[in-house]
Each structure stands twice: as structure tokens, then as C-alpha cells.
Amino acid sequence: DSAPAGTHAILTVLIGANDLAGATSADTWLAELQTYCDARRSAGWQVVLCTVLPRGDSATHNTRRNYANPIIRTWVGTHCDAIADYAANAVMGEDDSYFNTGNWTDEVHPNAAGHAILAPILADAIDGLAIINLLGSDLLSWHDATSKVTVTGAGVSSWVDRVHGYDAVQATDANRPTYALAG
């Protein structure tokens, strides 16, 4: 389906729990996911792809997700526009995290507490898209104020601003700012 005209339509894709283990192979599943994401992007959607969470009832699923997630992380700008890296979360993303029944309804589905852990990860991915949507093609880079990155030198643009909670610097390609890690 096409994205609504005149909007910054964002599609979140959280998939894998019910089909990764049953696929012919992880590569087949990844190819199908890639085709799906590419079609959505071609239709005008900005795709936020979530990495795959573990399952407690399928060793095959966890083996395949540990193969698939590093590949999915490389897709930004090619098959998706942002990653919500749930699998990198130490509480929810580990293969045995479902043992924490305070965060999982069963061995597959996060409960309200689990979703409360995952929600900021998705929000950060969407916030990153919001900056791109606001500044458009003029945005070459942006950074989080807490990342200890400083912007210095003659390449600094005419403005530095706070956009959706992030420090943002705008510059042209010919006048790129210089970045340095602080302390």
C-alpha cells in the first residue's frame, strides 16, 4: 500500500517470532523481509525495522535470529530507514531473557513491562527520522548532546539548534563541520 500523500509516513516492522524458525532458511526469510521492506519504501513509507527478539520455545529461532540480526543492522539506507535494535537490549534481547517472567507473557510475547523497556528504543529510532524529515536533504549529520561529540572548526554552519531533543548542525556538502570526541 502507498504511504499517505503529504505526510512523513513511518511504518514499524517487528517480525520474526512466528515465521523465522519455520522458514526454509534464515537467508530465505531475510530475502522475503528485504523484499517487503523495499516495496514499502518504494511506496513512500519510511521503514523502521526492529531486530528480532528471542523465543523460549525454539532453539532454531534463536540460532537464526543471531544470524539475521547482524545482517538486518546493515540495512539502514538500503532496505530500511532506521533500526530499532531490540536485540541489543541486555534485558530483552538475550537468548534467555524470556526467563524473566516479569517482562514476558510467555516465551514469545513481551508483557506491559517488557514493552515499557522496548518503547524507548523504538522512540529513539523514530526521533532520528523526525530530524531527517524536518531538515530534509540538507541534513548531513546529527548527534545526541549526550554523545560527547563536539562540533568545531570553520566548517560549522550558520546555525546549531536543538531539534526533537537532539543537537543538530546544518551544513552544505562543501562546508562540512569537523567532529571530535570530547574527553
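Residues numbered from 1 in each chain as written. Predicted model: local features only at pLDDT ≥ 70, side-chain atom pairs only at ≥ 80, totals over all residues. Heavy atoms only, no water.

Things to note about the pattern of salt bridges
Under the convention used in this document: Any Lys or Arg side-chain nitrogen found within 4 Å of a carboxyl oxygen on Asp or Glu counts as a salt bridge. Only DSSP runs of H or I with at least four residues qualify as helices, and only runs of E with at least two residues qualify as strands; both kinds are numbered from the N terminus onward. For the exposure calls, accessible area comes from a 1.4 Å probe over protein chains only, and a residue counts as buried if that area is under 20% of its type's maximum, exposed if over 50%, partly exposed in between.
Taken as a whole, this structure holds four salt bridges when the rule is applied. Put simply, D81 and R41 hold a salt bridge, and the shortest N to O gap is 3.0 Å. Residue D81 is located in the loop between helix 2 (59-72) and strand 3 (82-84), and its partner R41 is located in helix 1 (residues 26-42); the two are separated by 40 residues in the primary sequence. Using a relative accessible area of 22% as the deciding quantity, one classes D81 as partly exposed.

Observations concerning the packing of aromatic side chains
Ring pairs (aromatic) are described by centroid distance and by the angle formed between their planes. Put simply, the rule reads: Here a pair means two rings of Phe, Tyr or Trp (six-membered ring of Trp) with centres within 6.5 Å. Their orientation is stacked below 30 degrees between planes, edge-to-face above 60, and tilted elsewhere. Should the NZ of a Lys or the CZ of an Arg lie within 6 Å of a ring centre and within 35 degrees of the ring normal, that charge is described as sitting over the ring.
The final tally for this structure, using the stated rule, is zero aromatic pairs. Looking at R40, its charged tip hangs above the ring of Y36, at a distance of 4.6 Å from the centre.

Some points on the environment of H115
Here H115 is to be found in helix 3 (residues 112-135). Of the residues examined, H115 reaches a relative accessible area of 42% and is grouped as partly exposed. Sequence separation of H115 and M92 is 23 residues, and the distance between their C-alpha atoms is 9.4 Å.

A few points about the sheet that holds strand 2 (residues 46-50)
We count it as follows: By definition, two strands form a pair when at least two bridges between them are found by DSSP. Each axis is a line fitted through C-alpha atoms, and for a helix only the stretch in contact is used; angles between axes span 0 to 180 degrees, taken between their N-to-C directions.
In spatial order, the strands read 1-2-3; together these three strands make up an open sheet with parallel pairing. Of all strands in the sheet, those bounded by a partner on one side alone are strand 1 (10-13) and strand 3. Across the sheet, the mean angle separating the axes of adjacent strands is 25 degrees when strand polarity is ignored. Where strand 1 and strand 2 come together, four bridges link them in parallel fashion.

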